[in-house]
Amino acid sequence: MTYTILARCPRTGQMGLGIATYSIGVGLYCNGLRSRKGATMTQAFVNQGNNPFALRLLTMGFTPTHVLRELQRNDPDHEYRQIGVIDREGNAVAYSGPKTRGWSGHRIAPGAIAMGNVLAGEHVVDAILSGFTASPDAILEHRLLAALEAGRDAGGQLGNDGHLTERSAAIIVYDDADYAELDIRVDLHDHAVDELRRNYEEYALYRGYYTERGKNPAAAIPQHEFVRTLPVGEQPA
Amino acid sequence: MTYSIIARCARTGRLGLGIATYSLVVGGRCEGVAANIGICKTQAFPNRHNDPFAIKLLADGYLPARVMEILAANDPQHEYRQIAIMDREGRIAAHTGPRTRGWSGHLLNTDCVAFGNGLVGEQVLTGMIEGFLADPATPLEYRLMHALEAGRDAGGQGDATTHRTERSAAIKVVDRNDYPDIDVRVDVHPIAVDRLREVLDEYKKYEIFYRDRGRNPSQAIPQDVFVAGLKAAPPK
């Protein structure tokens, strides 16, 4: 029970992931992105070794198709995994194991994968991909958020006893640096995609200030002074 | 303004970081925790390159003290940074730049460093170390949580006239694998340390279920069934 968008921005080469799930603290599992190398995610019944292993294979030069084959041969429980792999050129492959639960599947577009399991149906991954591709000129994090919101609005996850809410969610974007350009999460919430949007909007007010403060500290004003420059409605209580 | 602790569990070799700050989404800027290698955290006016660079240097075999010298030589703004480094054997280096703001400092103890800036005073760091050392038998994530709570209770961030709340917080622990063992965060919240305790306690109820589900999927019950069981008989 999870839905995910994995994507490369063709304009910038940034690698990104958006994920929402009934499980809590999902951000812990999202260690499959690396600047200029690729993006990968294993979900459903997670093999936590897969993401770092797949990234090393991509870095060595394996194609996404070949990476997926190596993951399969290296894992006796491969059929329980759902996996997406994208390389730095946007070549994308995905696998939804036959033993993942509920409605489970994926959709692939150039440079993007929508995938999920225990979903309300195929229309959820279609909506995620449509949400992502709707605004190709937007920055990657906005496209990832739009994809998650479209997945939520299409019905999201459906368990045995009905709709399952998103209890955690995350957006991660890597640019050139070997640290994340954006890594924002909701680990425990009743409506994690909604909360992720709120947190993102608030963080967006500070992002430029945080970046500049580190790069040019001598010119940085203290944060409590910066906060007073925000619109009145955006200032913390 | 931030207070942090980096630490090593002497029993298990696990490495961890606990951090709380007025800034938003601090957990998204904590990549310097590497299993079997060490920890580096740069804060105050952070140079984001420092932590991944330091981890590479530690992995190459440089001692923490030498890593710190290299970071200093590599950064014209080193005086604005606050940095703590620990290797997998518990060797430590710490630096509080003279240009960090407010009350700023670090405190070393066995297998841990507490460090912070924009704090109400040294009692915050003293409290964190005491919180960390209070129960060495408990898992590292709880010791880090105790340290953050003790830092909060000792006054946390602010100055003589103003207290500044924690708006984000995180705990990250690595064991032997190249993915984290514990990685819990609160990114935007009015009292983030309090909320982090709730998230950690809730996550710990699921930790074994999540791990076993991935390692032994054919035996896993669906999560909604697991959750129903939790509600019927909460773990003690």
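Quick summary incoming for the structure in this document. The model shown is predicted, which means the values in this text are computed figures rather than measured ones. (Residues numbered from 1 in each chain as written. Chains lettered and ligands numbered in written order. Predicted model: local features only at pLDDT ≥ 70, side-chain atom pairs only at ≥ 80, totals over all residues. Heavy atoms only, no water.)

Comments concerning the sheet that holds strand β5 (residues 81–87) of chain B
All names here are of chain B.
Here comes step 1: Spatially, four strands are ordered β3-β4-β5-β6 in an open sheet, and the strand pairing comes out antiparallel. Strands with a single pairing partner mark the edges of an open sheet, and in this sheet they are β3 (33–34) and β6 (92–96).
Here comes step 2: The strands touched by helix α1 (residues 50–60) within the sheet are β3, β4 (38–44) and β5, with β4 carrying the most contacts at an inclination of about 155 degrees. (Pairing = 2+ DSSP bridges. Helix = DSSP H or I, 4+ residues; strand = E, 2+ residues; numbered from the N terminus. Contact = heavy atoms within 4.5 Å. Axes fitted to C-alpha atoms, helices over the stretch in contact; angles between N-to-C directions.)

What to know about the interface of chain A and chain B
Here comes step 1: In this assembly, 48 residues from chain A lie in contact with 49 residues from chain B.
Here comes step 2: Across the chain A/chain B interface, buried area totals approximately 4400 Å², and carbon plus sulfur atoms make up 50% of it.
Here comes step 3: Of all residues in chain A, the largest losses of buried area upon contact with chain B belong to Leu28(A), Tyr179(A) and Leu188(A), amounting jointly to 14% of the total for that side.
Here comes step 4: Scanning the region where chain A abuts chain B turns up four salt bridges.
Here comes step 5: Between Arg185(A) and Asp183(B) there is a salt bridge; the shortest N-O distance is 3.1 Å.
Here comes step 6: On the surface where chain A and chain B come into contact, there are 23 residue pairs in polar contact (both at pLDDT 80 or more).
Here comes step 7: Mapped by element, the contributors of at least two residues to the side of chain A that touches chain B are α1 (50–60), β12 (182–186), α5 (192–215) and α6 (223–228) of chain A.
Here comes step 8: Looking at the side of chain A that touches chain B element by element, the count peaks at nine residues for α5(A).
Here comes step 9: Along the lines of polarity and charge, the residues of the side of chain A that touches chain B split into 25 nonpolar, ten polar and 13 charged. (Buried area = accessible area lost by both parts, 1.4 Å probe. Salt bridge = Lys/Arg side-chain N within 4 Å of Asp/Glu carboxyl O. Polar contact = N/O pair within 3.5 Å; in protein donor to acceptor, adjacent residues only side chain to side chain. Nonpolar A, V, L, I, M, F, W, Y, C, P; charged D, E, K, R; others polar.)

Brief notes about the environment of Val188(B)
Here comes step 1: Locating Val188(B) in the fold gives a position in the loop between β12 (182–186) and α5 (192–215).
Here comes step 2: Once the C-alpha coordinates of Val188(B) and Asp224(B) are considered, the two residues, 36 residues apart in sequence, prove to be 27 Å apart.
Here comes step 3: Discounting chain neighbours no more than four positions away, the residues touching Val188(B) are Glu195(A), Asn199(A), Glu202(A), Leu24(B), Val25(B) and Arg167(B).

Some points on the pattern of salt bridges
Side chains carrying opposite charge are able to pair once their charged atoms draw close together.
Residue and element names in this part refer to chain B.
Here comes step 1: Summed over the entire model, instances satisfying the criterion amount to 37 salt bridges over all chains.
Here comes step 2: In this structure, the salt-bridge partner of Asp-75 is Arg-81, at a minimum N-O distance of 2.7 Å.
Here comes step 3: Here Glu-79 makes a salt bridge to Arg-99, at a shortest N to O gap of 2.9 Å. With Glu-79 in the loop between α2 (64–73) and β5 and Arg-99 in the loop between β6 and β7 (103–109), the pair connects residues that are 20 residues apart, well separated along the chain.
Here comes step 4: In this structure Glu-79 comes out as partly exposed when scored by relative accessible area, which is 38%.
Here comes step 5: Where salt bridges share partners, they join Arg-14, Glu-141, Asp-181, Lys-204, Glu-207 and Arg-211 into one cluster. (Buried < 20%, exposed > 50% of the residue type's maximum accessible area, 1.4 Å probe, protein only.)

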